[in-house]
Amino acid sequence: MASERDSIEFEELTTGSRSSDIRKLPVPRKGYDTCILHMPKPKVLLSAKKQGIARYASVLPVGEIPFSLGEGETPLTQSKVFPDVFIKNEAMNPTGSFKDRESAFALAYAKEQGWKDLAMASSGNAALSGAFYARMYGIRMTCYIPKDTSKTKSQMIELFGGYAHKVGTNYEESYHYLLDHLPSGSVNITSGVFSLRCEGAKTIAYELWEDLGEVPDVVLCPAGNGSALASIYHGFFELRQWGFTDKIPAMVCVQIAGADPINQAFDRGEWITVLDDVPASECEAIVAKESFCSAKAVNAMRQSGGFGISVTDDQVIDGLRFAIDREGIFPEFSSASVFAAFLEHTDKIKSFGEKIVLINTGSGLKEIDLINKALQSSGR
Ligand SMILES: Cc1ncc(COP(=O)(O)O)c(C=O)c1O
């Protein structure tokens, strides 16, 4: 097992709401996202006239979000079993995952920059979502996905007009392939390289604050690269910075046991850990040897007083059954990890405060075969 102990330097940039205000983003070291953007306090945070993430256009670093495909404004439902627990259902986004928030921002930004050709590595959801939004802007999207990516996800990329290249046996291989072979004239908007993706996903934090009337005490989020977790933290950080709240929830990073580089880095007091070997897992969206937003995710956990929970696939199956049977929610396999983490560590999580939010990052509808097989073979 190799590790990186050297200290990380975060590049902190302050910018306005136009991409022309943004100084050239630093290229992340070895493809690790270490860039944090700061927006000035807005005169008005929320625009009732707009839809989707564009409601928060005043704090997004782009001139305009020309349209919404219905991303964001996802339901926050109260748990049917634990009254203090709320589920933020990102499965209700247009392509079934929180990635639509990132795409809505990234493609509006790409349009503004005049980029015509984009590339990204993905375990599936980011790519199909990127292709969906890119099509609306007439931008070409080439996606590099692992060979075993579930059939439905790779079909959706093609169906939405993207180009799906299957390279590598896992996400990291697809990612490194793209870093080494970025086609000329193409812009890489992969999470880990393109820091601005966070600007779309941070709107989850704003919506939680809006819906609950305050920020929650604890937020559990599945993590692969750690970008979603870092983005949500970033949204809360900004709300506190601007004086809308005085606290930030404890951010809990949920990963797969043994394929959990962020949680291992956090436990060892490091920023980044690269694992040599990871167990096979059905959680294709979060299983990780290397997490390219690790430093930002570890920072979120440290600064918020959070921690990591690593769960096994077996526990994820319990989480999935619980979500379906008791909550009426149908998560993607990877997303069911937060239900598993909560069930396994209920007392510890509750000790952090009363209002707990589980982020259901994606829909199980893209993985029906996998989910059926997993439930049947486990007899659950
Ligand atoms: C459904 C789902 N949940 C969680 C994640 C993990 O997000 P991140 O890589 O930002 O940690 C992904 C990433 O693709 C995903 O598709």
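What counts and what doesn't
- Residues numbered from 1 in each chain as written.
- Predicted model: local features only at pLDDT ≥ 70, side-chain atom pairs only at ≥ 80, totals over all residues.
- Core = buried A, V, L, I, M, F, W, Y, C linked by C-beta atoms within 7 Å.
- Buried ≥ 20, exposed ≤ 12 C-beta atoms within 10 Å, placed from the backbone.
- Helix = DSSP H or I, 4+ residues; strand = E, 2+ residues; numbered from the N terminus.
- Domains from an automatic or database assignment.
- Contact = placed C-beta atoms within 7 Å.
- Axes fitted to C-alpha atoms, helices over the stretch in contact; angles between N-to-C directions.
- Parallel < 35°, antiparallel > 145°, perpendicular 65-115°, else oblique.
- Left-handed = near helix turned anticlockwise from the far one by under 90°.
- Nonpolar A, V, L, I, M, F, W, Y, C, P; charged D, E, K, R; others polar.
- Near = placed C-beta within 6 Å.
- Pairing = 2+ DSSP bridges.

Draft legend 1. Here's a closer look at the nonpolar core. Ranked by size, the top nonpolar core spans 112 residues in total, and within it Leu220, Cys221 and Leu229 carry the most contacts. Ranked by residues supplied to this core, first place goes to helix H7 (residues 227-241) with eight residues. Counting the residues that make up this core, at least three belong to each of domain 1 (76-98 + 197-378) and domain 2 (99-195). Here Leu220 is in contact with Val252, Val254, Val338, Ala341, Phe342, Leu358 and Ile359, once residues within four sequence places are set aside.

Draft legend 2. Here's a closer look at the packing of H7 against helix H9 (residues 294-304). Where H7 meets H9, the closest approach of the two axes is 8 Å, and the angle between their N-to-C directions is 45 degrees. Compared by their axis directions, H7 and H9 come out oblique. In this structure, the crossing between H7 and H9 has a hand that is left-handed. Where H7 abuts H9, its residues Leu229, Ala230 and Tyr233 lie against Lys296, Ala297, Ala300 and Ser304. Partitioning the contact of H7 with H9 into residue classes produces five nonpolar, one polar and one charged.

Draft legend 3. The arrangement of the site of the ligand in detail. Not every one of the 20 residues close to the ligand is listed here, only the nearest: Gly224, Ser227, Ala285, Thr361 and Gly362. Among the secondary structure elements, those contributing two or more residues to the shell around the ligand are helix H2 (125-137) and H7. Broken down by class, the residue content of the shell around the ligand amounts to six nonpolar, 12 polar and two charged. Here the shell around the ligand spans two domains, and each of domain 1 (76-98 + 197-378) and domain 2 (99-195) adds at least three residues to it.

Draft legend 4. Molecular detail of the sheet that holds strand S9 (residues 187-188). Taken in spatial order, the four strands make up an open sheet running S8-S7-S6-S9, and their pairing is parallel. Lying at the two open borders of the sheet, with one neighbouring strand each, are strand S8 (163-166) and S9. Both strand S6 (residues 117-121) and strand S7 (residues 140-145) contribute to a ladder of five bridges, which runs parallel. Each bridged residue has a counterpart across the sheet, and for Leu118 the counterpart in S7 is Met141. Seen against the sheet, helix H4 (residues 171-181) touches S6, S7 and S9 and runs at an angle of roughly 145 degrees to S6.

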